[in-house]
Amino acid sequence: QKEVEQNSGPLSVPEGAIASLNCTYSDRVSQSFFWYRQYSGKSPELIMSIYSNGDKEDGRFTAQLNKASQYVSLLIRDSQPSDSATYLCAVNRGGSNYKLTFGKGTLLTVNP
Amino acid sequence: DAGITQSPRHKVTETGTPVTLRCHQTENHRYMYWYRQDPGHGLRLIHYSYGVKDTDKGEVSDGYSVSRSKTEDFLLTLESATSSQTSVYFCAISPSGLSYEQYFGPGTRLTVT
């Protein structure tokens, strides 16, 4: 069973702080990694994709990938109350496999 | 907005009745997916499609069937609904290519009484 693990939270951070969300995966051949944001009662929204080791930055978001450690993280700088949501990590094996395996998500609360 | 709609958005049905959920996309994407999301379980893949009439099972396919007779429509059918199928159902698409990104529809909340 290929798994994606995330801390369920809740992770609580003050407004303006850095929120750090972590994800580990068990399938060593995983090639593509995604972070989704899901507000309560809404559908998941893709916010970051990362395919290579290292960091990828997009605005206040930075995704970090370490394939040797089977670890991917999402940093949110200058956290805002509007960032309060559940963040889902998803992993793909690549090749002809177009399926994603999702973690159960981490609930982030940003306190004003 | 990935041009995905789901219908109905909400449905209450009784145990034992058949239910069909529809996912419609406007962009001619090849890959389409049905997920269910439940507290404590996260998103779980039910079935997916990689083309017209080409479908395959996901991890929780028992009790569900799918059909895709047109590129734009992917139907999920519960042949005889059970209370354990009460859930939020999401459709997703993946644009052709090697990015493997998926984009989700707005979801259908199904309650089986």
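The notes below deal with the structure included here. (Residues numbered from 1 in each chain as written. Chains lettered and ligands numbered in written order. Predicted model: local features only at pLDDT ≥ 70, side-chain atom pairs only at ≥ 80, totals over all residues. Heavy atoms only, no water.)

**Thoughts on the sheet that holds strand β7 (residues 64-70) of chain B**
All names here are of chain B.
Then, in step 1: The 4 strands are arranged β1-β3-β8-β7 in an open sheet whose pairing can be described as antiparallel. The open sheet is flanked by β1 (4-7) and β7, the only strands paired with a single partner. Taken pair by pair, the neighbouring strands of this sheet meet at an average axis angle of 20°, ignoring direction.
Then, in step 2: Here strand β3 (residues 19-25) pairs with strand β8 (residues 73-78) via 6 bridges, running antiparallel. The residue bridging L21 from the neighbouring strand is L76, located in β8. (Pairing = 2+ DSSP bridges. Helix = DSSP H or I, 4+ residues; strand = E, 2+ residues; numbered from the N terminus. Axes fitted to C-alpha atoms, helices over the stretch in contact; angles between N-to-C directions.)

**Let's talk about the packing of aromatic side chains**
Then, in step 1: One pass over the full model with this rule turns up 14 aromatic pairs over all chains.
Then, in step 2: Seen in terms of ring centroids, F102 of chain A and F104 of chain B are 6.0 Å apart; in terms of plane orientation they differ by 70°. Their pairing is edge-to-face. Within this pair, whereas F102 of chain A is found in strand β10 (residues 101-102), its partner F104 of chain B is found in strand β10 (residues 103-104), the two belonging to separate chains. The exposure classification of F102 of chain A matches that of F104 of chain B, with both residues buried.
Then, in step 3: Counting every residue linked through ring pairs, the aromatic cluster contains Y36 and F102 of chain A together with Y33, Y35, Y48, Y50, F90 and F104 of chain B.
Then, in step 4: Directly above the aromatic system of F61 of chain A lies the positively charged group of R60 of chain A, at a separation of 5.6 Å from the ring centroid. (Phe/Tyr/Trp six-rings, centres within 6.5 Å; stacked < 30°, edge-to-face > 60°. Buried < 20%, exposed > 50% of the residue type's maximum accessible area, 1.4 Å probe, protein only. Lys NZ or Arg CZ within 6 Å of the ring centre and 35° of its normal.)

**Concerning the pattern of salt bridges**
Then, in step 1: Applying the stated criterion to the full structure yields 8 salt bridges over all chains.
Then, in step 2: One salt bridge in this structure joins E57 of chain A and R77 of chain A, with 3.4 Å as the shortest N-O distance. Separated by 20 residues along the polypeptide, E57 of chain A in strand β6 (residues 54-58) and R77 of chain A in the loop between β8 (71-76) and β9 (85-92) bring together distant segments of the chain.
Then, in step 3: The salt bridge partner of R22 of chain B is D73 of chain B, with a shortest N-O separation of 3.1 Å. Placement of the pair is R22 of chain B in strand β3 and D73 of chain B in strand β8, with a sequence separation of 51 residues.
Then, in step 4: Residues joined in a network through salt bridges with shared partners are R22, K70 and D73 of chain B. (Salt bridge = Lys/Arg side-chain N within 4 Å of Asp/Glu carboxyl O.)

**A look at the interface of chain B and chain A**
Accessible area lost upon the coming together of the parts serves often as the stated size of an interface.
Then, in step 1: With 23 residues of chain B at the contact, the number on the chain A side is 21 residues.
Then, in step 2: Of the roughly 1700 Å² buried between chain B and chain A on both sides combined, carbon and sulfur atoms contribute 57%.
Then, in step 3: The largest share of the area that chain B buries against chain A comes from L43, Y100 and F104 of chain B, three residues that together contribute 34% of it.
Then, in step 4: For the pair chain B and chain A, the number of links is 0 salt bridges.
Then, in step 5: The interface formed by chain B and chain A includes 7 residue pairs in polar contact (both at pLDDT 80 or more).
Then, in step 6: Contributing elements (two or more residues each) for the side of chain B that touches chain A: β4 (31-38), β5 (42-51), β9 (87-94) and β10 of chain B. (Contact = heavy atoms within 4.5 Å. Buried area = accessible area lost by both parts, 1.4 Å probe. Polar contact = N/O pair within 3.5 Å; in protein donor to acceptor, adjacent residues only side chain to side chain.)

**Quick word on the environment of D62 of chain B**
All names here are of chain B.
Then, in step 1: Position of D62 among the secondary structure elements: in the loop between β6 (54-57) and β7.
Then, in step 2: Since its relative accessible area comes to 70%, D62 is described here as exposed.
Then, in step 3: In sequence terms D62 and Y35 are 27 residues apart; their C-alpha atoms lie 13 Å from each other.

**Considerations on the state of the cysteines**
Then, in step 1: Evaluated as defined, the whole model comprises 2 disulfides over all chains.
Then, in step 2: Between the sulfur atoms of C23 of chain A and its disulfide partner C89 of chain A the distance amounts to 2.1 Å. Judged by the sign of its S-S torsion, about -75°, the cystine formed by C23 of chain A and C89 of chain A is left-handed. Placement of the pair is C23 of chain A in strand β3 (residues 19-25) and C89 of chain A in strand β9, with a sequence separation of 66 residues.
Then, in step 3: When its relative accessible area of 0% is taken as the criterion, C89 of chain A is described as buried.
Then, in step 4: Two residues, C23 of chain B and C91 of chain B, share a disulfide whose sulfurs are 1.9 Å apart. Classification of the bridge connecting C23 of chain B and C91 of chain B rests on its S-S torsion, roughly -70°, and on that basis the disulfide is left-handed. Here C23 of chain B, found in strand β3, pairs with C91 of chain B, found in strand β9; they are 68 residues apart in sequence, far enough to count as distant. (Disulfide = S-S within 2.5 Å.)

**Brief notes about the side chain of N92 of chain A**
Then, in step 1: Within the secondary structure, N92 of chain A is located in strand β9.
Then, in step 2: Separated by 2.8 Å, the side chain of N92 of chain A and the backbone oxygen of K99 of chain A make a polar contact.
Then, in step 3: If near-sequence neighbours (up to four positions away) are discounted, N92 of chain A is found in contact with S30, Q31, S32, F34, N97, Y98, K99 and L100 of chain A together with Y100 of chain B.

Take it as geometry only, folks, not as evidence of what the structure does.
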